[in-house]
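Here is what each chain is made of, one letter per residue.
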Amino acid sequence: MWLCTPRNPNAPLAGLKVVELARVLAGPFAGQILADLGADVIKVESPEGDGTRLWGPPWVERVDARGKVHREAAYYHACNRGKRSIVSDFRRADDLARIKSLIAEADVVIENFKTGGLSKFGLDYAALTATNPGLVYCSITGFGQTGPRAQEAGYDFVVQGMSGFMSLTGDPGGDPVKMGISISDLSTGVWAANGIQAALLMRARTGKGQHVDMSLMDCSVALLANQASYLFSTGHNPPRMGNAHAQVAPYGVFPVSDGHVILSPANDGLFRKLMGVLNLDHLVSDPRFITNGDRTANAAALDAEIARATAAWTKQGLLDDCHAAGVPAGPINRLDEVFADPQVVARGMRIDLGGLPGVRSPFTFSDAELALDRPSPMLGEDG
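Presented here is a report on the structure given in the accompanying data block. Computed from a predicted structure; not experimentally measured. (Residues numbered from 1 in each chain as written. Predicted model: local features only at pLDDT ≥ 70, side-chain atom pairs only at ≥ 80, totals over all residues. Heavy atoms only, no water.)

1. Regarding unusual backbone geometry
Glycine aside, residues mostly have negative phi, and peptide bonds are mostly found in the trans state.
Thinking step 1. Looking along the chain, the bond that leaves Gly56 and enters Pro57 is cis, with omega of 5°.
Thinking step 2. Here Pro57 shows up in the loop between strand S2 (40-45) and strand S3 (59-63).
Thinking step 3. The omega angle of the peptide bond from Ala249 to Pro250 is -5°, so this bond is cis rather than trans.
Thinking step 4. Take Pro250: it is sitting in the loop between helix H9 (225-234) and strand S9 (252-256).
Thinking step 5. Phi is positive for Ala225, close to 45°, though the residue is something other than glycine.
Thinking step 6. Note that Ala225 resides in helix H9.
Thinking step 7. The backbone of Asn279 shows a phi angle near 60°, a positive value even though the residue is not glycine.
Thinking step 8. Mapped onto the elements of the fold, Asn279 is located in the loop between helix H10 (268-277) and helix H11 (292-297). (Helix = DSSP H or I, 4+ residues; strand = E, 2+ residues; numbered from the N terminus.)

This is the structure:
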């Protein structure tokens, strides 16, 4: 019997029961979002545990109630906060029966096995909904449940290349570059959490659950947004721009005496303000730079003028003057600078649970709170 006491009765998803049959990043990240929102998430792990427990360095050591030291990769703790962990070997009849019993009482299942991989255990959507028709069952795969690639495994790096991300990232004359985060995995986790909650809202109207089919490829292609519109409207692939912008100028990274700053005055009024800050007012009436179209056509010349001016400033001096004038500008922070930023501190983005630091889900509600009361579970901590 699943005894689910809401961790925080005023969390939005308090009382929601989730069984997570997922490993690595996309599925567990979706589960963590639901856990932060108050759901009771049971993470079902193989006897070896989620593979990310071993993806170190860096490592984190914890001591359990019996005094045993657990050494786990920091990576694991980035996507498993707020959950309970049980160990199950689906090849064992008693373990499989236990999981099916949990799912019979669950609201949501999240799984990221290869397409069709759970059917041999009777843990597929069709089998489980025979006894739990209200179940919302979210499958996360590389390419989805249909199509010619449905049976292929999906990996973030590969999907970053296939989805077009890498054709858009990096310097124009350089090699394609992946993003510094696992954007395909992480965005799929976010999309999946959104799809699950939409299905739950629909269940409230219809009384029926459904299968939510999420793929890394779909979720990545969906993020192409304005870049896809560029292709559709022109028939041409958008260029790789590095730190520049294809439709706005000036817009980029500029040198200062002690580093670099980002300047993004994205309209005529902001451009005039920036020129005032930099004592370059004469450029406002220069025929090459009067409109955004003019500036974009002559971006290299304009950037050179701005770079000569910004090089005489300190980073903080230029940022202070830009902010005073209302010009969008910012630093390029290292991660230690991010978490020391007064705004990030004020918003409480870093959290510490049981001695484990992490980054909270970015929801702030007027009449609800997140359930941030439980660190990532040790393997099999809950049975």
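Back to the text.
2. Observations regarding the sheet that holds strand S8 (residues 210-215)
Thinking step 1. Here six strands make up an open sheet; going across it, the order is S5-S2-S1-S6-S7-S8 and the pairing parallel. Looking at which strands have only one partner, the edges of the open sheet turn out to be strand S5 (83-87) and S8. Direction aside, neighbouring strands of the sheet carry axes that sit 20° apart on average.
Thinking step 2. When S2 meets S5, the two strands line up parallel, connected through five bridges. Within S5, the residue paired with Ile42 across the bridge is Arg84. (Pairing = 2+ DSSP bridges. Axes fitted to C-alpha atoms, helices over the stretch in contact; angles between N-to-C directions.)

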